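Coordinate analysis (summary)
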Protein chains: 2
Amino acid sequence: MNRLPVAERREQLIEAALAVASRDGIDAATVRAIAAEAGVSLGVVHYCFQDKDELLRAMAHAITSQNLARSLGDLPERADLDTVVDGVIDALWTGISESRGPQLLSYELTTSSLRHAELNQVAIEQYRGQWSAVEQVLELIERTAQVGWTIPRSLVARAVVAVIDGYSLAWLVDGDGEQARAGLQGFGQFLKTLTVPVALEPDVDERAAVGAPDGATA
Amino acid sequence: MNRLPVAERREQLIEAALAVASRDGIDAATVRAIAAEAGVSLGVVHYCFQDKDELLRAMAHAITSQNLARSLGDLPERADLDTVVDGVIDALWTGISESRGPQLLSYELTTSSLRHAELNQVAIEQYRGQWSAVEQVLELIERTAQVGWTIPRSLVARAVVAVIDGYSLAWLVDGDGEQARAGLQGFGQFLKTLTVPVALEPDVDERAAVGAPDGATA
DNA sequence: GGTCGTCCTGGTCGGTTGTCCAAGTCAAGT
DNA sequence: ACTTGACTTGGACAACCGACCAGGACGACC
């Protein structure tokens, strides 16, 4: 096989691990299976990574980076609240429903991280990334539809991630994507009731919310 | 060791498997670990169960039965909507937050079921049980607070399970139980907006909802 | 008290896993 | 041409896994 500098070989192995784990589950992502998927021999893996855990951590990190990059890819123009919220939810759910394997893998990674000490940081990084990504989407909604929130934005983001997780899990189990999409759209309706229009200023930086003056966001 | 009829030994092994898997994760629930936890020798497990998978399926079934029984245990008396909804959510979250291990195990079981063909039925049974349990709780709310729903009850149940799953996952990851409780209470507020008061009849059997005349519940 | 079916024991087997290592291969620099 | 260092190879190892089995121990029933 062709020789590669260790940095590129690492990325190739990370992609191979991602492919195997997404297709066959995290338990099937053995060192041998990953090496075979990448088309390299067994020893290469431990030449590029000290542990199998280091490879899995790198794979998880790649996932969160991808998610964060993907969620910020689709940015609509100026539109009213209904259009932008429905559009964001629709794009988001389409992205999820088209990647069943990776979505399931992310839950496997979460549970594994919560059990095995050597993967401890994986889950929290995963969720910190999701929360902050959703917060950025929420900021985009604020700017696009000229609204603010009646509760702190971080709480809204947490709720969004929770609802998405819940409906995604249900969809993974029973395969009913239409019901999941409908449920998320219903949640979108609820989200709109948490907004208040904000008229002035082309860029509202912060504290666009009314009421709830005890912002405890760190 | 004392001799037991195979039926009782099976239940003991199921409990032992539940204990090991809740404490150390589903991967740690090996045949040897379960036998050691139960205080029996290795061969007993394959004497009582044909497969390890059969034992795991029995364990999963025991979990869903417990959950279903537990969720119907706490039934308040006649009260107004705010009291009963807040009370149900509080009791439900208390039950979850006091059993971190089993809660995490249920997610491990779900993902494992979705990957391994021999556990295929586990996840769907798990969720069918949860959906129907929540539906029964919703019926209890209807009777207690004299209300109906503006959308089909099954969709409400699905939303409830999804939101609980999402906040539970977040809580498992970051350990912030207070934020999870607050988020669920906020969802409870939203739930109340989906209700309509229903005045007459001591027992309203079905079709207490207004609008949405296309009931598609099978 | 002897017999028979139920239950238990502990070792063994083949297979898989992560990890390691001695040797081999290749390209670049002198 | 030769050396040096980076990269690759494939086998070996111990540990662990689920599954299996020959045999021992126990209690109930005739």
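Reading the values: the criteria
- Residues numbered from 1 in each chain as written.
- Chains lettered and ligands numbered in written order.
- Predicted model: local features only at pLDDT ≥ 70, side-chain atom pairs only at ≥ 80, totals over all residues.
- Heavy atoms only, no water.
- Helix = DSSP H or I, 4+ residues; strand = E, 2+ residues; numbered from the N terminus.
- Buried < 20%, exposed > 50% of the residue type's maximum accessible area, 1.4 Å probe, protein only.
- Contact = heavy atoms within 4.5 Å.
- Areas by Shrake-Rupley, 256 points an atom, 1.4 Å probe, with all protein chains shown as cover.
- Near = heavy atom within 4 Å.
- Polar contact = N/O pair within 3.5 Å; in protein donor to acceptor, adjacent residues only side chain to side chain.
- Nonpolar A, V, L, I, M, F, W, Y, C, P; charged D, E, K, R; others polar.
- Buried area = accessible area lost by both parts, 1.4 Å probe.
- Salt bridge = Lys/Arg side-chain N within 4 Å of Asp/Glu carboxyl O.
- Expected span 1.5 Å × (residues − 1).
- Least-squares fit on C-alpha atoms with pLDDT ≥ 70 in both.
- Phe/Tyr/Trp six-rings, centres within 6.5 Å; stacked < 30°, edge-to-face > 60°.
- Core = buried A, V, L, I, M, F, W, Y, C linked by side-chain atoms within 4.5 Å.
- pLDDT = per-residue confidence, 0-100.

**Observations regarding the overall build of chain A**
Of regular secondary structure, chain A possesses nine helices and two strands. Going residue by residue from the N terminus, the α and β elements of chain A occur as α-α-α-α-α-α-α-β-α-α-β. Every one of the 218 residues in chain A was classed for burial, and the buried ones make up 48%. For chain A, contacts bridging at least 24 residues in sequence account for 69% of all contacts bridging at least 6. Summed over its atoms, the accessible surface of chain A is roughly 10800 Å², and 53% of this surface lies on carbon and sulfur atoms.

**Side note on the protein's contact with DNA strand C**
Around DNA strand C, a shell composed of 21 residues is seen, among which A:Arg32, A:Lys52, B:Arg3, B:Arg9 and B:Ser41 lie nearest. For DNA strand C, the fraction of atoms within 4 Å of the protein that belong to sugar or phosphate moieties is 57%. The backbone of B:Leu4 places a nitrogen or oxygen atom 3.2 Å from a phosphate oxygen of DNA strand C. The element best represented in the surface near DNA strand C is helix 3 (residues 42-48) of chain B, accounting for four residues. Residue composition of the surface near DNA strand C, grouped by class: nine nonpolar, five polar and seven charged.

**Some words on the protein's contact with DNA strand D**
In the vicinity of DNA strand D there are 21 residues, among which A:Arg3, A:Arg9, A:Ser41, B:Arg32 and B:Lys52 approach most closely. For DNA strand D, the backbone makes up 56% of the atoms found within 4 Å of the protein, where backbone means sugar plus phosphate. For DNA strand D, a phosphate oxygen lies 3.1 Å from a polar atom in the side chain of B:Asp51. One nitrogen or oxygen atom from the side chain of B:Lys52 is found 2.8 Å from a phosphate oxygen belonging to DNA strand D. Top element by residues in the surface near DNA strand D is helix 3 (residues 42-48) of chain A. It accounts for four residues.

**Observations concerning the interface of chain B and chain A**
Facing the 37 residues of chain B at the interface are 37 residues of chain A. Between chain B and chain A, the buried area comes to about 3100 Å², and carbon and sulfur atoms account for 65% of it. Three residues stand out in chain B for area buried against chain A, namely B:Arg115, B:Arg158 and B:Val173, and they jointly supply 24% of the buried area on that side. Where chain B packs against chain A, one counts four salt bridges.

**Brief notes about helix 9 (residues 177-192) of chain B**
The end-to-end C-alpha separation of helix 9 of chain B is 23 Å, in line with the 22 Å expected for 16 residues at 1.5 Å each. Burial in helix 9 of chain B covers these residues: B:Gly177, B:Ala180, B:Gly183, B:Leu184, B:Gln185, B:Phe187, B:Gly188, B:Phe190, B:Leu191 and B:Lys192. Each element contacted by the buried residues of helix 9 of chain B is listed here: helix 9 (177-192) of chain A together with helix 5 (81-97), strand 1 (147-149), helix 8 (153-174) and strand 2 (195-197) of chain B. The residue sitting at the N-terminus of helix 9 of chain B and contributing the capping side-chain oxygen is B:Asp176; that oxygen lies 3.3 Å from the backbone nitrogen of B:Glu178.

**A closer look at the relation of the copies chain B and chain A**
Its rotation angle being 180°, the transformation that places chain B on chain A also includes 0.0 Å of axial translation and leaves an RMSD of 0.0 Å. Classification of the inter-copy transformation places it as that of a two-fold axis. A shared interface surface links the copies, since 100% of the contact residues of chain B are contact residues in chain A too.

**Topic: the packing of aromatic side chains**
All names here are of chain B. Across all of its chains, the model carries seven aromatic pairs over all chains by this definition. Taken together, a centroid distance of 6.1 Å and an interplanar angle of 45° make the contact between Phe-187 and Phe-190 tilted. Separated by three residues within a single helix, Phe-187 and Phe-190 lie in helix 9, roughly one turn from each other.

**Quick look at the side chain of A:Thr110**
With respect to the element layout, A:Thr110 can be found in helix 6 (residues 100-115). A relative accessible area of 1% places A:Thr110 in the buried class. The contact partners of A:Thr110, leaving out residues within four places of it in the chain, are A:Ala123, A:Gln126, A:Tyr127, B:Leu169 and B:Val173.

**A few points about the nonpolar core**
Core analysis: the biggest nonpolar cluster contains 82 residues, and A:Ile141 and B:Ile141 have the highest contact counts within it. Core analysis: the second largest hydrophobic core is formed by 29 residues, A:Ala29, A:Ile34, A:Ala35 and A:Val40 among them.

**Digging into the environment of A:Val85**
All names here are of chain A. Among the structural elements, Val-85 can be located in helix 5 (residues 81-97). Overall, Val-85 belongs to the buried group, its relative accessible area being 4%. For the pair formed by Val-85 and Leu-191, sequence separation is 106 residues and the distance between their alpha carbons is 8.4 Å. Discounting residues that sit within four places of it in the chain, Val-85 has contacts with Ile-141, Gly-188 and Lys-192.

**Describing the pattern of salt bridges**
Going through the model one piece at a time under the given rule, you end up with 20 salt bridges over all chains. Measuring nitrogen to oxygen at the nearest pair gives 2.6 Å for the salt bridge that ties A:Glu142 to A:Arg153. Here A:Arg153 lies in helix 8 (residues 153-174) and A:Glu142 lies in helix 7 (residues 120-145), a separation of eleven residues in the sequence. Judged by relative accessible area, A:Glu142 falls into the buried class, the value being 10%. Across the pair B:Arg181 and B:Asp90 runs a salt bridge whose closest N-O atoms are separated by 3.2 Å. Here B:Asp90 lies in helix 5 and B:Arg181 lies in helix 9, a separation of 91 residues in the sequence. By relative accessible area, B:Arg181 is classed as partly exposed at 22%. Connected via shared salt-bridge partners are A:Arg23, A:Asp24 and A:Glu37.

**A look at unusual backbone geometry**
Look at A:Gln146: it is not a glycine, yet its phi comes out positive at around 60°. Structurally, the position occupied by A:Gln146 is in the loop between helix 7 and strand 1 (147-149).

**Regarding the confidence of the model for chain A**
Taken as a whole, chain A shows an average pLDDT of 89; of its residues, 89% reach a score of 70 or greater. Of the regions scoring below 50 in pLDDT, residues 203-218 of chain A engages in twelve contacts with residues more than four places distant in sequence or in other chains.

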